[in-house]
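The lines below spell out each chain.
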Amino acid sequence: MLHASAKGPVINPRRPRVRRWGSPVAGYLFIAPWLLGFFILTVWPMAMSLFYSLNDFNLLSSPVWVGLDNYRRILTQDTVFRKSLGVTFRFVLLSVPVKLVCAMIVALILNRNIRGISIYRTLFYLPTLIGGSVAVSILWRNIWGADGFINQLLGLIGVKGMSWISNPSTALYTLIALGVWQFGSPMVVYLAGLKQIPTSLYEASSIDGASKPRQFFSITLPMLSSVLLFNLVLQTIGAFQMFTQAYIITNKGRPMNSTLMYSLYIYERGFTRYEMGYAAALAWILLAMIAVITVIIFASSRLWVFYESEGG
Amino acid sequence: MTKKIRILAVCVAVMLMLGAAPALAADTPVNLRIAWFGATVRNEATLAALDAYTAEFPHITFDPEFVGSNPEFSDKLATQAAAQNIPDIIIMDLAWLKDYASRGQLLELTDVDTSKINAAIVADGTYNGKFYAMPNSVASTAFVYNNARVEDLGLTTVPVNGWSWDDYYAFCEEAKAAVGEDTFVSADFSYSYTMYCAYQLSHGKGSPITVDGQINFDKDTWVEFQELFIDFRDRGIVPPPDISVTNKDGDVTLDPLLLGKVLIKNAFSSTFGSWDSVEADTYALVTMPRDVEASDYVKVSAFWSIAANTKYPAEAQHVVDWLVNSVSAGEALGFVRGSQVNSDVLAAITPDLSSTDQASAALVEFITPTAQPFTMMAEGWNSFYMTDYENICQEVMFGVSTPEQAYDAIINKAKEYVK
């Protein structure tokens, strides 16, 4: 028990009272390691990248100032840029929705108290951990190759397959399939969201005679919409940056550049042709595109995301 | 005070003497990174050579870095170069030598002995009058074919050194009739710059890209070449395009020759071991078909170069010199990268060559008198040869473009490379 005197707490008049959180210095010191990392590893490289994008730069010679010429060439002359942009948008528009739907279906199935559920969750999450690896990419190449597993299955029913990874009309879909297979990460986020939905809502709606589909569309989906927004933003950004699978499985965007992802094209320009200034400009265009699309997604969220604080 | 000044002076003098001494004493332990590409036989031979070197010079050890194929190595090296992290010693290819040398990424080799190497071959390792790449071996362009299968089929037209394009067509047609529906005869060469280059050279029309980087594609010849393979594709002589474009030499899952899908494909004599090591006494080498001139050329198949920023230029040059000029190295390496260029080493190891190496050596010997002069690939065109040309030709293969449209696309793309 504290016994304050009638006159209140005694203050030593000789020592000025230390305002523990008054000075920002201590706070900055605590976050200094992160700040240092942020400025050295993120801000500085980004600033240099922006600078190089305005230069003709091959990494070894001094950069030569060309102003906006790299951007002008990309936007007006570069047919491969347009091709890679088309491929990347197709990949994003097809893989992200399918992946999010798959993740939600599996999350709904796993959101129940059945025996060994944690093992199932781990198994479904596993592809996310290993799916981006070189080893899985090589495995995928063999699955979808001319003599791969898929064609052997098709052979059992008398269908003669093709090399799915090297046909320009199907190669991109093999990459999309691999992207969708790695649904574990959004699935875990959905699961966390599903746990937050009060069971009383389902109980009340059951009493009112709501069917399961009605419950899903009127309770589950609205209550999960903020989680869906989170997953949509993260998966869209991730899909725009896809690299390893296209590099390994379809041999650097082949055939006919049908799987030439934007990141792969940046790599090609920067590390094969040593046009680092041009590659930096490509990277800044990608950043701008991702930023615009993210802003659009957030702006549209007012129409379809339900926050409990809004009532309703 | 005077005593202190004397001590200080002695210290400074000692430091200066240390500074003036060679960077590394002879027995200072040195570890060198060394990188190359190739099939397992090549890796094992190179590791054996490095072990032999370390046994002879124990203070120098190695961190070997190797990958399976030239394109993978080329990508990795480009990325390492971008980070200024090229291994101390690297295998160098003619296709990239000019690019790396012109960017100042290679050390000028001043302490290696080239006296036992043909001067023309040594000249291939120079750029702007400076010597950047020590030739290790020479090889010729070639076809490799499944000799065992061809003999089993009992064909009347078989691959023989010096055969013509007409002989090749006749072989393809006869073999196709013999192998039936499900097997193809020849690899599809229509998207390979190297193969079209050989075709145009054999028709006496020079290299499609000249040594100084000028465009010299002959439209009629190029369209004729593409139409030939469109016809072969339709008749099942070459595989469908989705199978052809996955080809990877020496890979047991992706090489159509090893998979038994085709009987013949293009190669270099130096890579014969990639097939022979998988199935001995099955494959054979033969010259590429010729027309009014030969298609083949003999070129340096591998150089050794040193990173410009190596900390150990003297030691690295000593290793490179030993790899090329030492009989011990020659015995360990054999012909895994082609015929050895040092005449003394070649003479010393020839009696003990394996049958694979003998086949490779015999082909180079046959080709040399009529070989096309090898004009080094033009500086800055590597992406055109390796990527752009293939992509545009694949549009013809998949029926997206006509040969004429693809020709125009190639010329437009090539113009981007002309300096």
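In this text the structure is predicted, and so the values were computed from the model without any measurement. (Residues numbered from 1 in each chain as written. Chains lettered and ligands numbered in written order. Predicted model: local features only at pLDDT ≥ 70, side-chain atom pairs only at ≥ 80, totals over all residues. Heavy atoms only, no water.)

Peer 1: Give me the lowdown on the overall build of chain B, citing residues and values where you can.
Peer 2: When helices and strands are tallied, chain B shows 17 helices and 10 strands. Whereas a compact globule of 419 residues would reach a radius of gyration of roughly 22 Å, chain B reaches 24 Å, a difference of no more than 12%. Counting only C-alpha atoms, chain B reaches 100 × 50 × 35 Å along its principal axes. Within the span of chain B, comprising 419 residues, buried residues form 55% of the whole. (Helix = DSSP H or I, 4+ residues; strand = E, 2+ residues; numbered from the N terminus. Rg over C-alpha atoms; globule rule 2.2 N^0.38 Å. Buried < 20%, exposed > 50% of the residue type's maximum accessible area, 1.4 Å probe, protein only.)

Peer 1: Provide a residue-level description of the packing of helix H10 (residues 199-207) of chain A against helix H11 (residues 212-240) of chain A, including the pertinent values.
Peer 2: All names here are of chain A. Packing of H10 against H11 brings their axes to within 11 Å, and their N-to-C directions diverge by 165°. Taken together, the axes of H10 and H11 lie roughly antiparallel to each other. Viewed along their axes, H10 and H11 form a crossing whose handedness is right-handed. Along its contact with H10, which presents Leu-201, Tyr-202, Ser-205 and Ser-206, the element H11 presents Gln-215, Ile-219, Thr-220 and Met-223. (Axes fitted to C-alpha atoms, helices over the stretch in contact; angles between N-to-C directions. Parallel < 35°, antiparallel > 145°, perpendicular 65-115°, else oblique. Left-handed = near helix turned anticlockwise from the far one by under 90°. Contact = heavy atoms within 4.5 Å.)

Peer 1: Can you explain the environment of Ala316(B)? Please cite residues and give values.
Peer 2: Residues and elements named next belong to chain B. Examined against the element boundaries, Ala-316 turns out to sit in helix H12 (residues 313-325). On the accessibility criterion, Ala-316 (0% relative accessible area) is buried. In this structure the C-alpha to C-alpha distance between Ala-316 and Asp-231, which are 85 residues apart in sequence, comes to 52 Å. When sequence neighbours within four positions are dropped, the list of residues in contact with Ala-316 reads Leu-32, Ile-89 and Ile-306.

Peer 1: Just give me the short version of the pattern of salt bridges, but keep the residues and values in it.
Peer 2: Summed over all chains, the structure comprises 16 salt bridges over all chains. Asp75(B) serves as the salt-bridge partner of Lys252(A), at 2.7 Å between the closest nitrogen and oxygen. One end of the pair, Lys252(A), is in the loop between helix H12 (244-248) and helix H13 (262-272); the other, Asp75(B), is in helix H3 (residues 70-82), on a second chain. Take Lys252(A): its relative accessible area is 24%, and that puts it in the partly exposed class. The buried category is assigned to Asp75(B), whose relative accessible area is 7%. (Salt bridge = Lys/Arg side-chain N within 4 Å of Asp/Glu carboxyl O.)

Peer 1: Break down the packing of helix H7 (residues 165-179) of chain B against helix H9 (residues 219-234) of chain B for me, citing the residues and quoting the values.
Peer 2: Residue and element names in this part refer to chain B. Between H7 and H9, the shortest axis-to-axis distance is 12 Å and the interhelical angle comes to 10°. Judged by the angle between their axes, H7 and H9 are roughly parallel. For the crossing formed where H7 meets H9, the hand is right-handed. Contact residues: H7 offers Tyr-168, Tyr-169 and Cys-172, while H9 offers Leu-228, Phe-229 and Phe-232. Across the contact of H7 with H9, the residue classes tally to six nonpolar, no polar and no charged. (Nonpolar A, V, L, I, M, F, W, Y, C, P; charged D, E, K, R; others polar.)

So yeah, pure geometry; function would need other evidence.
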